[in-house]
Amino acid sequence: MSSKDWVEKDFYAVLGVDKAASADDVKKAYRKVARESHPDHNPGDPKAEERFKAASEAYNVLSDSGRRREYDELRSLFGSGAFRRNARGGGQPGGMPFDVSDMFGGGAGDRRFGGGGFQDLFSSIFTGGQAGGQAAPRGPARGRDVETEVALDFGDAVRGVTLPLTLRAPGVCDTCHGNGAKPGTQPQTCPVCHGAGVTTRNQGSFSFSEPCRNCQGVGTVVEEKCPECHGSGGVTKTRTMNVRFPAGVADGQRIRLAGRGEPGERGGPAGDLFVHVKVRPDELFGRTGDDLTLTVPVTFAEAVLGTDLRVPTLDGAVTLRVPPGTPSGRVLRARGKGVVRRDGQAGDLLVTLDVVVPARLSDEARTALESFAEQTPPAAREHLDARVRRVS
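Note that the coordinates shown come from a computational prediction; the quantities given were computed from them, not determined experimentally. (Residues numbered from 1 in each chain as written. Predicted model: local features only at pLDDT ≥ 70, side-chain atom pairs only at ≥ 80, totals over all residues. Heavy atoms only, no water.)

Participant: So, the confidence of the model for the protein chain: which residues are in play, and what are the values?
Facilitator: Residue-level pLDDT values for the protein chain average 79, and 79% of them are 70 or greater. Here residues 80-136 is a poorly scored stretch, pLDDT under 50, and it has 94 contacts once near neighbours within four places are set aside; other chains count. (pLDDT = per-residue confidence, 0-100. Contact = heavy atoms within 4.5 Å.)

Participant: So what about the pairing of strand β13 (residues 291-298)? Which residues, and what values?
Facilitator: In β13, alternate side chains face the same way, and those of L292, L294, V296 and V298 are buried while those of D291, T293, T295 and P297 on the opposite face are not. Relative to β13, strand β12 (residues 286-288) runs antiparallel, the two being bridged by three bridges. Among the inter-strand pairings, G286 is bridged to a residue of β13, identified as T293. Taking the residues that link successive antiparallel strands as the turn, the β12-β13 hairpin has two residues, and the phi of G289 there is positive, at about 65°. Relative to strand β17 (residues 349-355), β13 runs parallel, the two being bridged by seven bridges. Residue pairing for β17: L292 is matched across the bridge by L349. (Buried < 20%, exposed > 50% of the residue type's maximum accessible area, 1.4 Å probe, protein only. Helix = DSSP H or I, 4+ residues; strand = E, 2+ residues; numbered from the N terminus. Pairing = 2+ DSSP bridges.)

Participant: Give me the lowdown on the sheet that holds strand β3 (residues 146-152), citing residues and values where you can.
Facilitator: Taking strand neighbours across the sheet as the criterion, the three strands line up as β3-β11-β10 in an open arrangement whose pairing is mixed. Edge positions in the sheet fall to β3 and β10 (254-257), since each has one partner strand and no second. For this sheet the average axis-to-axis angle between neighbouring strands, irrespective of direction, equals 25°. (Axes fitted to C-alpha atoms, helices over the stretch in contact; angles between N-to-C directions.)

Participant: Could you give me a rundown of the pattern of salt bridges, with the residues and numbers involved?
Facilitator: Throughout the structure, instances matching the rule amount to 14 salt bridges. The partner of R142 in a salt bridge is D145, and the shortest N-O contact between them spans 3.1 Å. On the basis of relative accessible area, R142 is assigned to the partly exposed category, the value being 45%. R321 is paired through a salt bridge with D308; the nearest N and O atoms lie 3.2 Å apart. Here R321, found in strand β15 (residues 316-322), pairs with D308, found in strand β14 (residues 307-313); they are 13 residues apart in sequence, far enough to count as distant. Linked by salt bridges that have partners in common, R142, D145, R256 and D272 make up one network. (Salt bridge = Lys/Arg side-chain N within 4 Å of Asp/Glu carboxyl O.)

Participant: Which residues make up the packing of helix α3 (residues 23-37) against helix α4 (residues 46-62), and what are the values?
Facilitator: For the pair α3 and α4, interaxial distance at closest approach is 9 Å and the crossing angle is 160°. When the axis of α3 is compared with that of α4, the two are roughly antiparallel. With respect to the hand of their crossing, α3 and α4 are arranged in left-handed fashion. Two secondary-structure elements touch here, α3 through V26, K27, Y30, V33, A34, E36 and S37 and α4 through A48, E49, R51, F52, A55, S56, Y59 and L62. (Parallel < 35°, antiparallel > 145°, perpendicular 65-115°, else oblique. Left-handed = near helix turned anticlockwise from the far one by under 90°.)

Participant: Go over the pairing of β15 with me, naming the residues and quoting the values.
Facilitator: Note that β14 and β15 share seven bridges and pair antiparallel. Bridge pairing in β15 links T307 to V322. Where β14 hands over to β15, the hairpin turn is made up of two residues, counted between the paired strands.

Participant: If you had to explain the sheet that holds β12 to someone new, which residues and values would you point to?
Facilitator: On the basis of which strands lie adjacent, the open sheet formed by four strands has the order β12-β13-β17-β16 and mixed pairing. Both edges of this open sheet fall to β12 and β16 (331-334), since each of them pairs with a single strand only. Neighbour-to-neighbour, the strand axes of this sheet turn through a mean angle of 35°, independent of strand direction. The sheet contact formed by β16 and β17 spans four bridges and is antiparallel. By the bridge assignment for β17, V331 is matched with T352.

Participant: Talk me through α4; I want residue IDs and the actual numbers.
Facilitator: The end-to-end C-alpha distance of α4, which contains 17 residues, comes to 24 Å, matching closely the 24 Å that a straight helix rising 1.5 Å per residue would cover. For α4, every residue scored as buried is listed here: A48, F52, K53, A55, S56, E57, A58, Y59, V61 and L62. Here α4 starts with a cap whose side-chain oxygen sits 3.1 Å from the backbone nitrogen of K47, and that cap is D45. (Expected span 1.5 Å × (residues − 1). Polar contact = N/O pair within 3.5 Å; in protein donor to acceptor, adjacent residues only side chain to side chain.)

Participant: Could you give me a rundown of the packing of aromatic side chains, with the residues and numbers involved?
Facilitator: With the rule as written, the count across this model stands at four aromatic pairs. Note on Y12 and Y71: the rings are 6.1 Å apart at their centroids and 40° apart in plane angle, and the pair reads as tilted. Placement of the pair is Y12 in helix α2 (residues 11-15) and Y71 in helix α5 (residues 65-79), with a sequence separation of 59 residues. Taken together, a centroid distance of 5.9 Å and an interplanar angle of 85° make the contact between F300 and F372 edge-to-face. With F300 in helix α9 (residues 300-305) and F372 in helix α10 (residues 363-375), the pair connects residues that are 72 residues apart, well separated along the chain. F300 sits in the partly exposed class, given a relative accessible area of 42%. Given the relative accessible area of 36%, F372 is considered partly exposed. Members of the aromatic cluster, each reached through a chain of ring pairs, are F11, Y12 and Y71. (Phe/Tyr/Trp six-rings, centres within 6.5 Å; stacked < 30°, edge-to-face > 60°.)

Dropping the structure here:
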């Protein structure tokens, strides 16, 4: 994406959010637009496809805090008309002479506005991206990023799993192998831009470069188009790939597969595939970071007298010792039975004991419990009784 695109395109308007929108609001807005305009839901609708692509482009910038800050600064500078040309050829904001390289830290260490500092940005807008006014060859455009969502079982997310992922999305045309030309022919160098992908025109003291209209900025033209993709180099097709989800992947995590997104136009590099992970809840286990959690009911007698508990884990069972006099809510720890981390170490299984109070008792059990109560010292409630006496 060129700096000129950043100046001209309002990414906030594309997603329908305010400039002050939070990162979560931006994500929600993007997903809403992406669902409504996805090509699978709007087959044969070019307007929906363009809206889907525009939303992806906007989200790629606004979802990255650094790129979003650069975009806002650039739009604020040029959108407000802050930089104007004076009669001597110098820049003036509001009539005051200034050095734009000083204003934006134009030294070698300034990596803002796409990575090359303000001087490189200014050069890319008015001279096509290279010092001396020479337009840089553009070449085929990089493909857009693609996003999808996968639901994993709880156990698969903890242990890791490889699953086949089927997508219906743009892919490289098998007939022309992505160059857009009819089999037996090759794309030719554009006679207008001579392969640069941009054309330059003079405007006062500046040279202004823009994508070549004859080749749409690719640098080559296809005289005999591929009958399958009609010269685009890509077609919508179903493809299946195996995706490895690492052990310990968490709900809401996003996995990036470089180069597995939409192919570039006419042989350009492919975009990336981003897989959003949703983890289905387990009927027994929960998760806190790298630890697994489990609640186990125990009887009153087991809590008072102590017992050995046999509890499940995701890969077997372990025995835990419940000490005599254990209160309800106490947590026992089975070390190393949680989520395996990247360094090979594992979290723990945290077992919470829940003392169950029976709703009904047999006559024998009631008699035994009453006898137990007579022999048991009362609970230490003296501090509570003292407060009750004071407020009564």
